[in-house]
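Chain and residue survey
Here is what each chain is made of, one letter per residue.
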2 protein chains.
Amino acid sequence: MTTPRAIDRELLGLTWDEDPRHSSFVQVPELCRLDGKLYGGTAIAVSLLAMEVATGKEARWVTTQFVSTADVGDRLDCFVDVVARGRAIDQVQVRGMLRDELVFSALGSTALPRPGGLESHPLTMPKVAAPEEGTEWVPARPQLPDVGHHLVSERREVPILDGPPDKRMAMWTRLTNLPSVGETSAAVIAFLADMVPLAVTRSTGQVGAGTSLDNSLRIGTLVDTEWMLLELMPHIAVDGYGHGEVHVWAPDGTLMATGSQTAKLFAMQMPPPV
Amino acid sequence: MTTPRAIDRELLGLTWDEDPRHSSFVQVPELCRLDGKLYGGTAIAVSLLAMEVATGKEARWVTTQFVSTADVGDRLDCFVDVVARGRAIDQVQVRGMLRDELVFSALGSTALPRPGGLESHPLTMPKVAAPEEGTEWVPARPQLPDVGHHLVSERREVPILDGPPDKRMAMWTRLTNLPSVGETSAAVIAFLADMVPLAVTRSTGQVGAGTSLDNSLRIGTLVDTEWMLLELMPHIAVDGYGHGEVHVWAPDGTLMATGSQTAKLFAMQMPPPV
């Protein structure tokens, strides 16, 4: 059985029985949205880690569909089906279950590196200030005390200093309060990168929020790093639904992943001035 | 039961029994890759149409995972599971089967428009020449006679005239040889937009090709049109795998969809000079 990295164990708390295709985790407060429901970034991170352990190969892409939800303290089971097993590439499916109820489904591939394969790096990291100069991002949603992924993560927004003016957002993010912060994995990136609906909502010019219908991530080159930069690109909001994209950069300019999401968007009332 | 558009029926030949969640189609030559295997654009198009008919709502996004393949003349069955049914939004899963064998799986959402929802259109279509001025795109792969999606589609590459020089590609594409060409649907876009691996391969500077592991599409605003423009953006190729993105534009500048794919990449020998 492939051993998860220390940071994956500390963040997600996933445990396996004898079968590497079956694992479970408790939805502790750090794995919740700010309202105590399952955080989408948790579901996609768990999907990736479960795929990697079940196949012994590295995750290349995953799409996680959010079907239902769960509450603080619930224990969720993850079942992996390896629907095609090749020498280099496996096609994999994951179900996250709360007892008999489907909470999330995922499709993805894991694969061994193919040395000497075609290579290209056509994108460039946007020019931004350092994380320390960023503005801490505070969510607009109502919060429960002591519940939410912000208990183990931090986000600092920075302006983009190059390129044409557009609706992109840039945000440094990192895990916090875990012993192995600085290790990177596909799961860590997935947990931190679940911010596309924010950029889509903001591009509408209204105060609002989004509920993700899915979250897709494609893995590039992983670099161990504490901070990573999210370059968030809204694509379109129409009919009350929004799509957008994220590029995830290591501080040295390495593209670690790209992702995309669709969300149901809704306007929010501003709190009345005090 | 929601009735598919005429163009969907002509292109895919999907037929339903009494249950709108069960359909089938024959893999005619027009639905094949150039080597006679199932074309990925067919599988994602069928996934979208099956989702829409089963739920009576419009497709918003889909990810189709390619698990196995099928041959010219095979009949494939499509089974739809509606795993969550809401007033506005359904979460849906699709399996494409060749007898007992899983050929493709899809996750996606269909949803009714939510009038008065948040709206934004932050992207702009690149400036390009008209389709008539483009260069017809001829695939590098070996061809079987009279087999392939090019029997019902056409592609013309054009240079991008604005923006910084980069590795993007622009390609006009349309359906051909079908009575209802000019109607647009999510399925039509999916069938035509399956070109991301080409752009990723070309960005490596080598002659090669890609085999898609998946294909994801997110639907914006559909406009009836004959030609549509694919703006193809390679993201990264590493370890022998590549990721990239496509924006699908109507000629009037409407963003009809965005998509992304991961592919296994391989180098090809050039044919010897004659």
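In what follows, the structure referred to is the one given above.
Quick caveat, the model's predicted, so the values are computed rather than measured. The numbers attached to residues start from 1 for each chain and follow its sequence in the written order. Each chain takes a letter, starting from A, and each ligand takes a number, starting from 1, following the order in which they are written. Local features in a predicted model are, by the rule used here, given only for residues with pLDDT of at least 70; side-chain atom pairs are given and counted only at 80 or more, and totals for whole chains, interfaces and linings are based on all residues. Only hydrogens and water are set aside when side-chain values are computed; all heavy atoms of the structure are taken into account.

Right, let's get into the pattern of salt bridges. Residue and element names in this part refer to chain B. We count a salt bridge whenever a side-chain nitrogen from Lys or Arg sits within 4 Å of a carboxyl oxygen from Asp or Glu. One pass over the full model with this rule turns up 32 salt bridges over all chains. Close ionic contact of Asp90 with Lys57 constitutes a salt bridge, the shortest N to O distance being 2.9 Å. Taken together, the residues Asp90 in strand S5 (residues 89-98) and Lys57 in the loop between helix H2 (40-55) and strand S3 (58-66) connect sequence positions 33 residues apart. Each member of the pair, Asp90 as well as Lys57, carries the same accessibility label: buried. Elements are defined by DSSP. Helices are runs of H or I of four residues or more, strands are runs of E of two residues or more, and each kind is numbered from the N terminus. Burial here depends on accessible area, computed with a 1.4 Å probe over protein chains only, as a share of the maximum for the residue type. Under 20% is buried, over 50% is exposed, and the range in between is partly exposed.

This brings us to the environment of Asp35(A). Residue and element names in this part refer to chain A. Here Asp35 shows up in the loop between strand S2 (22-26) and helix H2 (40-55). Overall, the relative accessible area of 34% leaves Asp35 in the partly exposed class. A C-alpha to C-alpha distance of 31 Å links Asp35 and Leu222, two positions 187 residues apart in sequence. Any pair of N or O atoms that falls within 3.5 Å is considered a polar contact. Within protein, one atom must be able to donate a hydrogen and the other to accept it, and sequence-neighbouring residues count only if both atoms are side-chain atoms. A polar contact of 2.7 Å, which involves the side chain of Asp35, links it to the side chain of Arg33. At 3.1 Å, the side chain of Asp35 and the backbone nitrogen of Lys37 are in polar contact.

Let us now look at helix H4 (residues 196-203) of chain B. Residue and element names in this part refer to chain B. H4 sits mainly inside the fold: seven of its eight residues count as buried. Of the residues making up H4, those classed as buried are Val196, Pro197, Leu198, Ala199, Val200, Thr201 and Ser203. Gly205 lies just past H4 and shows a positive phi near 80°.

Residue and element names in this part refer to chain B. Positionally, Leu151 belongs in the loop between strand S7 (135-136) and strand S8 (153-158). For Leu151, a relative accessible area of 26% corresponds to the partly exposed category. With 27 residues separating them along the chain, Leu151 and Leu178 place their C-alpha atoms 10 Å apart. Contacts were defined at the residue level, with two residues in contact if any of their heavy atoms lie within 4.5 Å. In this view, Leu151 contacts Pro29, Glu30, Asp146, Thr176 and Asn177; residues no more than four positions away in its chain are not counted.

This part takes up H2(B). Residues and elements named next belong to chain B. The end-to-end C-alpha distance of H2 is 23 Å, a good match for the 22 Å that 16 residues give at a rise of 1.5 Å each. In terms of residue burial, H2 counts as a mostly covered element, since 16 of its 16 residues are buried. Just downstream of H2 lies Gly56, where phi reads positive at about 70°. Between the first and last residue of a helix there are one fewer steps than residues, each counted as 1.5 Å, and that sum is the expected span.

Turning next to the relation of the copies chain A and chain B. We superpose the copies by least squares over the C-alpha atoms of residues that have a pLDDT of at least 70 in both of them. Rotating chain A by 180° and translating it 0.0 Å along the rotation axis places it on chain B, where the RMSD comes to 0.0 Å. Within this description, the copies of the chain are treated as partners about a two-fold rotation axis. Every residue of chain A has its C-alpha some distance from the rotation axis, and the shortest such distance is that of Thr63(A), at 3.5 Å. A high fraction, 100%, of the interface residues of chain A reappear at the interface in chain B, so the copies pair face to face through one surface.

So, about the interface of chain A and chain B. In many reports, interface size means the accessible area that the parts give up when they come together. Listed by partner, the interface residues are 64 residues for chain A and 64 residues for chain B. Note on chain A versus chain B: buried area summed over both sides is about 5300 Å², and carbon and sulfur give 57% of it. Ranking the residues of chain A by area buried against chain B places Arg114(A), Leu118(A) and Arg218(A) at the top, with a combined share of 16%. The interface formed by chain A and chain B holds four salt bridges in total. A simple way to read buried area is as the amount of 1.4 Å-probe accessible surface that goes missing from two parts once joined, with both sides added.

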